[in-house]
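A closer look at the structure
Chain by chain, the residues:
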Amino acid sequence: MQDLRVNKERLWDSLMEIAQFGATEKGGCNRLAGTDLDKQARDLFVSWCKTAGCEITIDKIGNIFARRPGKNNDLPAVGTGSHLDTQPTGGKFDGVFGVLAGVEVLRTLHENKIETPTAMEFSVWTNEEGSRFQPAMQGSGVYAGRFDLETELNKTDVDGIRLGDELKRIGYLGDAEPGSRNVGAFFETHIEQGPILEDADKAIGIVRLGQGIRWYNIEIIGQESHSGTTPMYLRKDAMVASAEIISEIENIAHRHENGLGTVGFMQVYPNSRNTIPGNIKFSADLRNPKPDVLLAMHEELTAFCQSVADKRGLEINLDPFWYFAPVEFNASDDVKAATEKLGYSHMDIYAGAGHDACYMADLVPAGMIFTPCEGGISHNEVEYSSPEQCEAGANVLLHTMLEASHRLASVQ
Ligand SMILES: [Zn+2]
C-alpha cells in the first residue's frame, strides 16, 4: 500500500478529454453550469466512475456522488471532489483537476483491487464558479445547509432561465436530500490559482485557512439627461458616483492587511455617448482571512456609499447578498502526513478563493491540497499545470484518503 501511486499519463489524458467540452480557441474552456457542455462533462465522469465500480447518486441541487464500497460500509466514507463548471474564459484545471484527481485515485484503487477500510466517495458539485448563476459554490452551499434549496433552484441566468429547469433538462436534477451522505472526512485537490507555490518552488500547498468573502450588488440611481444641455451643477450622474465608489473599494483594500477589493462587473444605462448615465449596476468583492477585518471593510464600504448618495443627491442601493466566513481546515494534518510520507516539498498556505471544501468544512473535518499553476494564472484560458504537478497532487490525495479511511475505521 505504501508504494501505491497514481498513473500520471492516465490522469493527464482524462484532463485533456474533459477539456474538449467547451474548448476555446486560446486553449481554455467555456463550460458554464447547467449547459449541454456541463452535461457532457458530467456524463463522462459518471461513466468513468461506473466502470471503476461505483454506485451513482444525484441530489436535489444536481451534485453527483460516486461511491466505491469498502470493508465496512456502515462507517462514514472518505470523500473528495470539486467542480466541472468553468468561467466563460476559464482554463483546463480549475475544479476539473480536483474531480479528476479523485477519478485517478478511484482507478488506482480499482485496478489494484484494494479494499479500503471505509467506502470512498467521489463528487462533482454544481455551479462552483458562480458565473452563470449566483452565488458561487451553490451546490456545496445547499448541501451544507448554508443556502435554501428552493431559493437556489429558482435562481435565473441573464436570460431568465432557472437553474432547476436547466438541471432537469440535462438530466441532473436528482432526488437525494442534500446533506444526507454518510461521509466522515472530505478532501479537495485544487490548483493554487495564485503565484506563491511556484515562487517558493514547492510541490504541495497544505491549506490551513480559507479566506472570507463578501459579495455585493450595487445600484446607483441618478437621472439620464442630455450631455450637451445639462450644466454640471444640475447633474445626477450615476457614472461619476460609481467611479468614486470603485476607487474607494481599492482604497479600503489597501488600508487593511491582506485586504482585497474588486469590481469586475458593470451595467450602464442607457450606455449612450451623449446621455448622462442614469442607472448603473456593478458588483463588489471584498476579501480578508480575518472575520473582524472583513467586517471593518464592509462597514467602511457601507458608510462611503451613503456619503456619496448624500453628497450627490442620488440613490445608492448596496445589497450585501453573500457572506462567506473564513474557514479553518481541520483535517490538514492528514494532508501533511501524506505529503511527507511521499517526500514532496510543501508549505502551509491559505486559500484566497472560495472552494467547495470550504462548505464541507462546516460538516466534517476537511482538508485541501494545492498544486502550483504556471505564473499563478487562473480564471484564464492559458491556465496551466504540468503533468508532474498534477501527478503529485493526486498522489497526495490518494494517500491522504487512505490515511483518513484507516483513521475513521479505527475510531469505531
Ligand atoms: Zn475551482
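Everything here concerns the structure above.
One structure accompanies this document, and this report is about it.

About the thresholds
- Residues numbered from 1 in each chain as written.
- Predicted model: local features only at pLDDT ≥ 70, side-chain atom pairs only at ≥ 80, totals over all residues.
- Heavy atoms only, no water.
- 1 Å grid on protein atoms, 1.4 Å probe; cavity = no way out; pocket = protein on both sides within 12 Å on 5 of 7 lines; lining within 4 Å.
- Points joined across faces, edges and corners; volume = space filled by probe spheres on them.
- Helix = DSSP H or I, 4+ residues; strand = E, 2+ residues; numbered from the N terminus.
- Nonpolar A, V, L, I, M, F, W, Y, C, P; charged D, E, K, R; others polar.
- Buried < 20%, exposed > 50% of the residue type's maximum accessible area, 1.4 Å probe, protein only.
- Polar contact = N/O pair within 3.5 Å; in protein donor to acceptor, adjacent residues only side chain to side chain.
- Contact = heavy atoms within 4.5 Å.
- Axes fitted to C-alpha atoms, helices over the stretch in contact; angles between N-to-C directions.
- Parallel < 35°, antiparallel > 145°, perpendicular 65-115°, else oblique.
- Left-handed = near helix turned anticlockwise from the far one by under 90°.
- Phe/Tyr/Trp six-rings, centres within 6.5 Å; stacked < 30°, edge-to-face > 60°.
- Lys NZ or Arg CZ within 6 Å of the ring centre and 35° of its normal.

1. Focus: empty space enclosed by the protein
- Inspection of every chain in the model, using the stated rule, returns two cavities of 30 Å³ or more.
- In this structure, the largest cavity is lined by Phe65, Gly79, Thr80, Glu121, Ser123, Trp125, Val183, Phe186 and Met360.
- For the lining of the largest cavity, the secondary structure elements donating two or more residues are strand 3 (77-82), strand 4 (120-124) and strand 5 (183-191).
- Of the residues contributing to the lining of the largest cavity, the split by class is five nonpolar, three polar and one charged.
- Of the pockets and cavities examined, the second largest cavity occupies roughly 30 Å³.
- Surrounding the second largest cavity, Asp38, Arg42, Leu84, Asp85, Val124, Trp125, Thr126 and Asn127 form its lining.

2. Here's the deal with the environment of Asp165
- In this fold, Asp165 is placed in helix 6 (residues 163-169).
- Expressed as a C-alpha distance, the spacing of Asp165 and Leu153, which sit 12 residues apart in the sequence, is 8.0 Å.

3. Overview of the side chain of Asn395
- Tracing the backbone through its elements, the reader meets Asn395 in helix 12 (residues 387-411).
- Here Asn395 falls in the buried class, since its relative accessible area comes to 1%.
- A polar side-chain atom of Asn395 sits 2.8 Å from the main-chain amide nitrogen of Val6.
- Apart from residues no more than four positions distant in its own chain, Asn395 is found in contact with Arg5, Val6, Leu342 and Tyr344.

4. Looking at the environment of Ala33
- Position of Ala33 among the secondary structure elements: in the loop between helix 1 (8-19) and helix 2 (36-51).
- Once the C-alpha coordinates of Ala33 and Ser131 are considered, the two residues, 98 residues apart in sequence, prove to be 8.0 Å apart.
- Excluding residues that lie within four positions of it along the chain, Ala33 makes contacts with Asp38, Asp85, Asn127, Arg132 and Phe133.

5. Side note on the environment of Ser225
- Secondary-structure assignment places Ser225 in strand 8 (residues 225-226).
- Looking at Ser225, its side chain comes within polar contact range of the side chain of Thr230, at 3.2 Å.

6. Let's talk about the packing of helix 3 (residues 96-111) against helix 12
- Running from N to C, helix 3 and helix 12 cross one another at 60 degrees; their axes reach a closest spacing of 9 Å. With respect to each other, helix 3 and helix 12 are oriented oblique. Considering the relative orientation of helix 3 and helix 12, their crossing is right-handed. For the pair formed by helix 3 and helix 12, the contact residues are Phe97, Ala101, Gly102, Val105, Thr108 and Leu109 on the first element and Cys390, Gly393, Ala394, Leu397, Leu398, Met401 and Leu402 on the second.

7. Re the packing of aromatic side chains
- In total, this model carries 12 aromatic pairs according to the counting rule given.
- A centroid spacing of 6.0 Å and a plane angle of 70 degrees characterise the contact between Trp125 and Phe186, whose relative ring orientation is edge-to-face. Pair noted here: Trp125 is in the loop between strand 4 and helix 4 (138-143) and Phe186 is in strand 5, with a separation of 61 residues, a long-range link.
- Accessibility expressed as a relative area gives 2% for Trp125, which makes it buried.
- On the accessibility criterion, Phe186 (2% relative accessible area) is buried.
- Summarising the aromatic geometry, the rings of Trp215 and Phe321 are spaced 6.4 Å apart at their centres and angled 50 degrees between planes, so their arrangement reads as tilted. Pair noted here: Trp215 is in strand 7 (residues 212-221) and Phe321 is in strand 13 (residues 315-324), with a separation of 106 residues, a long-range link.
- Classification of Trp215 by relative accessible area gives buried; the value is 16%.
- Of the residues examined, Phe321 reaches a relative accessible area of 31% and is grouped as partly exposed.
- Ring pairing ties together the aromatic residues Phe147, Trp215, Phe321, Trp322, Phe324 and Tyr359, which thus form one cluster.
- Positioned above the aromatic ring of Tyr323 is the side chain of Arg214, whose terminal nitrogen or guanidinium carbon lies 4.0 Å from the ring centre.

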